[in-house]
Amino acid sequence: MREHVTFLSEGLNCAGWLYMPDDLQDGENRPAIVMAHGFSALKEMHLDNFAQKFEEAGFVVLAFDYRYFGDSEGEPRGHLIPAEQHQDYKNAITWISLRAEVDPDHIGIWGSSYSGGHVLHLASFDQRIKAAVAQVPLVNGWGNAQRLMRPDVFDEFLVALAHDRAQRYAGEESAKVPVVAPEGEPSALPTPESYEWFTQLGETVAPNWRNEVSLESMEAFLEYDPAGSIHLISPTPLLMVVAEKDTLTPTDMAIAAYERALEPKKLVILEGGKHFDAYTEPGLSQSAPPAVEWFERHLMGRKEAGTRETVS
């Protein structure tokens, strides 16, 4: 069962979908999973594909939009600052932990792409998190941007950011740039598959998605290093799901970050998959079941298929 909900985050209402298992009994509480989407993306952009599977496995699930995006409050729109989105995640965890249907000692978080990076950061420091799944995660903004831009374009980008900072200092609002654009035109996510994915979903399932973010957001992107603390996630169990042919959040960067993580951890590679293949079939059949099993194992205490290991 899914219902529309809101929760407060730093004085603003964040909108979400709350999923309750059909077999939940009166007076019973269950482990919960909190989840949000990637760079500028909204919950309507296939988060239900995962949330429904988590609910069917017996979890209470909250999928939400960050402040400034989708159905959530906040101005200016398109303002995307990692530290603020971390607070939204933390407030979502607090909100769901206070519900009678939820066991507050068994909370997991799931994130994909930019929010996959958020998961890495949050699981490093928030001890309320008992299991984490980071799907096709951003691991380092500066390095990622250098992969996506030619050196001369990257240098021009840095000049534009400096100019925007001067404009903001003078009291002007940060300039906006498209999230995606046709190949050859400037955008925050300059890959053909990004343009196709966001444009198609914006025209169909997520009509309130806006194709814009602030240059201030891009400055924050460059400074973001969510995998810098990945070694601190342990002993919280970490699952990373990485696409084999990911060019948006490059595969080799994600695997190198995973190698710095400590146990318990697990890596799943989507064979032949690109970044956006994780959200729908046939890639969904590779990305979702391992996440369900990871949460079952570490939040419900179920043994992983094919193993005799005892999970406490």
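Residues numbered from 1 in each chain as written. Predicted model: local features only at pLDDT ≥ 70, side-chain atom pairs only at ≥ 80, totals over all residues. Heavy atoms only, no water.

## Observations regarding the packing of aromatic side chains
Let me state the cut-off plainly: Each Phe, Tyr or Trp ring, with Trp reduced to its six-membered ring, pairs with another whose centre is within 6.5 Å; inter-plane angles below 30 degrees give stacked pairs, above 60 give edge-to-face pairs, and intermediate values give tilted ones. A helix here means a DSSP run of H or I that spans at least four residues, while a strand means a run of E at least two residues long, and both kinds are numbered starting from the N terminus. Type-normalised accessible area, obtained with a 1.4 Å probe on protein chains alone, sets the label of each residue: buried when under 20%, exposed when over 50%, and partly exposed for intermediate values. A ring has a charge above it when a Lys NZ or an Arg CZ is no more than 6 Å from the ring centre and no more than 35 degrees off the ring normal.
Going through the model one piece at a time under the given rule, you end up with 21 aromatic pairs. With a centroid separation of 6.2 Å and 35° between ring planes, the pair formed by Phe7 and Trp95 is classed as tilted. Here Phe7, found in strand S1 (residues 2-9), pairs with Trp95, found in helix H2 (residues 82-97); they are 88 residues apart in sequence, far enough to count as distant. The class for Phe7 is buried, based on a relative accessible area of 1%. Aromatic side chains Phe276 and Tyr279 sit 6.4 Å apart centroid to centroid with 35° between the ring planes, which places their arrangement in the tilted category. Since its relative accessible area comes to 1%, Tyr279 is described here as buried. A connected cluster of aromatic rings, assembled from ring pairs, spans Phe50, Trp110, Trp197, Phe198, Trp209, Phe276 and Tyr279. If you follow Arg2 out to its NZ or CZ, it ends over the ring of Trp17, 3.7 Å from the centre.

## Observations regarding the environment of Ala188
By secondary structure assignment, the location of Ala188 is in the loop between strand S7 (176-177) and helix H6 (192-203). Measuring from C-alpha to C-alpha, the distance between Ala188 and Ser287 comes to 25 Å, with 99 residues separating the pair along the chain.

## Some remarks on unusual backbone geometry
Where the residue is not glycine, phi is negative for most of them; where a peptide bond is considered, it is trans in most cases. Note that the residue after Ser234, namely Pro235, is joined by a cis bond; omega there is 15°. In the segment running from Glu263 into Pro264, the intervening peptide bond is cis, with an omega of 0°. Checked against the element boundaries, Pro264 lands in the loop between helix H8 (251-260) and strand S10 (265-270). One non-glycine residue, Glu10, lies in the positive phi region at around 55°. Mapped onto the elements of the fold, Glu10 is located in the loop between S1 and strand S2 (12-19). In this model, Ser113 sits at a positive phi of 60°, which is unusual for a non-glycine residue.

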